[in-house]
Amino acid sequence: SSESICSPKQVHNEGSLSRPFVSSVVEALRFCTDRVRPGLRHMSILVVGSVAFDDVTSPSGTVKNILGGAATYFSLAASYFTKVRIVGVVGEDFGPEQEKVFHQHGIDIRGLERARGKTFRWGGSYVDNLNEAKTDYTDLNVFETFQPRIPKEYADTDFLFLANIQPTLQAD
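The structure displayed is predicted, hence computed values, not measured ones. (Residues numbered from 1 in each chain as written. Predicted model: local features only at pLDDT ≥ 70, side-chain atom pairs only at ≥ 80, totals over all residues. Heavy atoms only, no water.)

What follows covers the side chain of Q98. Within the secondary structure layout, Q98 lies in helix α4 (residues 96-104). If sequence neighbours within four positions are ignored, Q98 has contacts with F53, L67 and D93. (Helix = DSSP H or I, 4+ residues; strand = E, 2+ residues; numbered from the N terminus. Contact = heavy atoms within 4.5 Å.)

Quick look at the structure:
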């Protein structure tokens, strides 16, 4: 079976917001691509985790309020290989401009819950070592009380990727 060839254990559970996180996602998906079955685009993967607004400083400069979060980064990378579904929570400040990013990549956002309040925010820098983020602040906002709910439309999903999220929520 395809599950024994490319088990969820072989697809990393990563929480870092750094470039190696994206690399590990791509490597994991390539691993699965090579082993699962022809027509991989017909496979689906569900990611559960954070969708955020980030403030990032690097040697190249500073950007504020950019779309971020582990589930966002994973879903964007995975969308180049297969059909992606996302479960997460966003606040009232998450609008059509951010939704458009997901839609342009064919990512199914029916599992993206809209809650009263602000979207999760993270601020940090990549200065001394571009492979490591230094967190300046974390504002959980609506993510603090998030209880993931998997839409019934996602019941036929082939694989699950648990992005950065409170481990007790993953167990539920």
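Turning next to the confidence of the model for the chain. For the chain, per-residue confidence averages 81 on the pLDDT scale, and residues scoring 70 or more make up 73% of the total. Overall, residues 1-22 carries pLDDT values under 50, and its contacts beyond four positions in sequence, including any with other chains, amount to 45 contacts. (pLDDT = per-residue confidence, 0-100.)

Turning to the sheet that holds strand β5 (residues 108-114), a few remarks are in order. The strand order across the open sheet formed by 4 strands is β5-β4-β1-β8, and the pairing between neighbours is parallel. Each edge of the sheet is formed by a strand with only one pairing partner; in this case those strands are β5 and β8 (159-162). Taking the axes of each pair of neighbouring strands and ignoring which way they run, one obtains an average angle of 15 degrees across the sheet. Pairing of strand β1 (residues 44-48) with β8, which is carried by 4 bridges, proceeds in the parallel orientation. (Pairing = 2+ DSSP bridges. Axes fitted to C-alpha atoms, helices over the stretch in contact; angles between N-to-C directions.)

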